[in-house]
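Remarks on the overall topology
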Amino acid sequence: MSNPLFLCRFLFSIFFVAHLFNLSHGDVGTATPYGPPYLPTACAGNDFSMFPTTNLFAAAGEGIWENGAACGRQYLVRCFSSNVPKACVTDQTIQVTIVDRAISTVSKPAVAGTTMLLSTTAYKSIVKGAASLVSIEFTQ
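Worth saying up front: this structure is predicted, and the values here are computed from it rather than measured.

Quick notes on unusual backbone geometry
A cis geometry characterises the amide bond from Pro 36 onward to Pro 37, with omega recorded as 10°. In this structure, Pro 37 sits in the loop between strand E1 (27-34) and helix H2 (41-44). The residue Asn 55 is not glycine, and still its phi comes out positive at about 65°. With respect to the helices and strands, Asn 55 occurs in the loop between H2 and strand E2 (57-60). A residue is classified by how much of its surface remains accessible, and Asn 55, at 37% relative accessible area, is partly exposed. The residue Asp 91 is not glycine, and still its phi comes out positive at about 60°. Checked against the element boundaries, Asp 91 lands in the loop between strand E3 (74-82) and strand E4 (93-101).

Here is the structure:
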């Protein structure tokens with residue numbers, strides 16, 4: 001005969017430990033690179049002071065734009081897959097700041113409906129080679 005209280009505690013412990021060590025807590029989307037000129041018209045009306053000095057910034061796709069609420073948000077982003085083999089930099093996560101809206105950028109995304117357009121510096125930090133579209137995990 002099994003003790004229901006013991007079983008309940010055991011299952012809760014398993015759930016807690018599994019949740020504690022689960023490294024995937026973000027949303028999933030896609031990213032493409034975009035290059036200069038970087039003109040943050042949608043967020044700041046050409047206020048270049050919102051660009052981080054690290055050059056790790058992005059333009060928000062419609063899925064995260066939220067009518068401009070995404071401006072200034074920071075996201076942790078990592079590449080986890082691509083149609084180009086070994087394109088993702090393994091175990092590399094970067095923090096980007098949203099400075100513009102994807103459809104407002106001068107340099108349009110390689111693929112329509114992209115979650116984030118990453119600055120050249122940001123994209124090259126998590127993607128190596130010539131992949132023009134990657135799958136990303138991101139967390140605000």
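Observations concerning the pairing of E1
Where E1 meets strand E6 (residues 134-139), five bridges bridge the pair, whose relative direction is antiparallel. Bridged to Ala 31 within E6 is Val 134. Where E1 lies against strand E5 (residues 116-119), four bridges are found, and the strand directions are parallel. By the bridge assignment, Ala 31 is partnered in E5 with Met 116.

Conventions used here
Residues numbered from 1 in each chain as written. Predicted model: local features only at pLDDT ≥ 70, side-chain atom pairs only at ≥ 80, totals over all residues. Heavy atoms only, no water. Helix = DSSP H or I, 4+ residues; strand = E, 2+ residues; numbered from the N terminus. Buried < 20%, exposed > 50% of the residue type's maximum accessible area, 1.4 Å probe, protein only. Pairing = 2+ DSSP bridges.

The values reported here are purely geometric and, on their own, carry no functional implication.
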